[in-house]
Amino acid sequence: MSPTVTFAHLQSRSLIAVSGPDWRSFLQGLITQDVETPAPGVARFGALLTPQGRLLYDLFVVEREDGAWLDVEAEHRDALMQRLMIYRLRAKVEIAADDMKVSVLFAEDGAPAQLDGPGWARDGRLAELGWRGYGVDMPAGAVAATEAEREAQKLRRGVPGPKDWGVDRTYPIEANFDLLGGIDFHKGCFVGQETTSRMKRRGVIKNRMLPITYDGAAPPFGTEVLAGELRAGEMLSGAEGRGIALVRLDRALGAALTVEGRPARVEVPAWMSAAVGEEAA
């Protein structure tokens, strides 16, 4: 293993164990991701939406012998479990918290091609985001890192996260779930499907989360991004010199922008360039 491969525990993530004979059909009717087709070794990205189609909670579905783990934001685990209990009705499903640690293994120059041993699942969003580990130790040859370093890697790749989309505030397509494999448009019904499918069918997405560069410290969350005197979007999470913004594609792409009076520019990562180019045309 190359010494550039990095390992970090994700304190912000926790697990819900879903089991029982109906676990697949139960999740299939709720979340944006398809789970009817087995996908061992892959952490399938998805979300639970509101009936109106806004993002409630992101999640990864990770299959195990007797069901699946839902890899979720730790601060929202209890609320998500309560909501799943409401939806359970007569389904033969068990829902329980699991305190096994969640980790990640990644590299700047690409993910390890394969990992031996149980507890590993490839991140279903992008190959560069590596592998997610469940109850695993740091592999030999890996370099220990912090969760903040993992967040910095995601920011360099232009991948938004829960700090950007919040709860019941954003449509999943605006947060690029459709481009990161987080929505299956062929699976049939799920909560919030009507709004989500309608946005996709129309083929014109006005707003997307994109990385934005600027000089200096990150502007406060919600700061306006301006194209001249026109509002072109708003700042979300950020760090020194680089952040994520929700922008109007027709105003932000290729434009001279400002944030707090500072020059700024949005970037389109390679993994979303084809889709964004079509939408902005």
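These remarks concern the structure in this document. Computed from a prediction, not measured in an experiment: that's the story for all the values here. (Residues numbered from 1 in each chain as written. Predicted model: local features only at pLDDT ≥ 70, side-chain atom pairs only at ≥ 80, totals over all residues. Heavy atoms only, no water.)

**A short note on the pairing of strand 9 (residues 131-134)**
Residues W131 and G133 point to one face of strand 9 and R132 and Y134 to the other, with burial holding for every one of them. Direction of pairing for strand 7 (residues 102-106) relative to strand 9: antiparallel, over a ladder of four bridges. Within the sheet, the bridge partner assigned to S103 lies in strand 9 and is G133. Bridge count for strand 8 (residues 120-123) against strand 9 is three bridges, and the pairing is antiparallel. The residue of strand 9 that forms the bridge with W120 is G133. (Buried < 20%, exposed > 50% of the residue type's maximum accessible area, 1.4 Å probe, protein only. Helix = DSSP H or I, 4+ residues; strand = E, 2+ residues; numbered from the N terminus. Pairing = 2+ DSSP bridges.)

**Some remarks on the nonpolar core**
Core analysis: the largest hydrophobic core is formed by 35 residues, its most contacted members being L55, V62, Y134, W165, F177 and M209. Of all elements in the fold, only strand 2 (13-19), strand 3 (42-49), strand 4 (55-64), strand 7 and strand 14 (242-248) reach the threshold of two or more residues within this core. Looking at which element gives the most residues to this core, the answer is strand 3, with four residues. By size, the runner-up hydrophobic cluster in this structure holds 22 residues, among which are W23, F26, V35 and L56. (Core = buried A, V, L, I, M, F, W, Y, C linked by side-chain atoms within 4.5 Å.)

**Structural notes on the pairing of strand 12 (residues 224-227)**
Judged by which residues are buried, strand 12 turns out to be one-sided: V225 and A227 face inward and are buried, whereas E224 and L226, on the alternate face, are not. As judged from the four bridges shared by strand 12 and strand 13 (residues 230-239), these two strands associate in the antiparallel manner. Residue pairing for strand 13: V225 is matched across the bridge by G233. Hairpin connection, strand 12 to strand 13: the antiparallel pair is bridged by two residues, and G228 has positive phi, about 65 degrees. Of the pairings in the sheet, the one linking strand 12 to strand 15 (residues 257-259) comprises three bridges and is antiparallel in character. Paired with A227 across the strands is L257, a residue of strand 15.

**Concerning the packing of aromatic side chains**
Throughout the structure, instances matching the rule amount to five aromatic pairs. For the pair W165 and F177, a centre-to-centre distance of 4.9 Å together with 70 degrees between the ring planes defines the contact as edge-to-face. Separated by 12 residues along the polypeptide, W165 in helix 4 (residues 162-165) and F177 in the loop between helix 4 and helix 5 (193-202) bring together distant segments of the chain. Judged by relative accessible area, W165 falls into the buried class, the value being 3%. (Phe/Tyr/Trp six-rings, centres within 6.5 Å; stacked < 30°, edge-to-face > 60°.)

**Quick look at the sheet that holds strand 15**
Here six strands make up a closed barrel; going around it, the order is 11-14-13-12-15-16 and the pairing antiparallel. Averaged over all neighbouring strand pairs, the angle between strand axes comes to 40 degrees, with direction disregarded. Pairing geometry for strand 11 (residues 207-214) and strand 14, over seven bridges, is antiparallel. Across the sheet, P211 pairs through a bridge with I244, a residue of strand 14. (Axes fitted to C-alpha atoms, helices over the stretch in contact; angles between N-to-C directions.)

**Observations regarding the sheet that holds strand 1 (residues 6-9)**
Spatially, 10 strands are ordered 6-2-5-4-3-8-9-7-1-10 in an open sheet, and the strand pairing comes out mixed. Across the chains shown, the open sheet's two edge strands, defined by having one partner strand only, are strand 6 (94-98) and strand 10 (143-144). Relative to the sheet, helix 3 (residues 147-157) contacts strand 1, strand 7, strand 8 and strand 9, its axis offset from that of strand 7 by approximately 50 degrees. (Contact = heavy atoms within 4.5 Å.)

**Things to note about the layout of surface pockets**
In this structure, the largest pocket occupies an estimated 590 Å³ of space. Forming the walls of the largest pocket are 32 residues, and the residues nearest its centre are E151, K154, G161, P162 and K163. With seven residues, the top contributor of residues to the lining of the largest pocket is helix 3. Residue composition of the lining of the largest pocket, grouped by class: 14 nonpolar, six polar and 12 charged. Approximately 230 Å³ is the volume attributed to the second largest pocket. As for the second largest pocket, its lining consists of E174, T195, R198, M199, R202, V204, I205, K206 and N207. Each residue belonging to the lining of the second largest pocket can be placed in one class, and the counts come to three nonpolar, two polar and four charged. (1 Å grid on protein atoms, 1.4 Å probe; cavity = no way out; pocket = protein on both sides within 12 Å on 5 of 7 lines; lining within 4 Å. Points joined across faces, edges and corners; volume = space filled by probe spheres on them. Nonpolar A, V, L, I, M, F, W, Y, C, P; charged D, E, K, R; others polar.)

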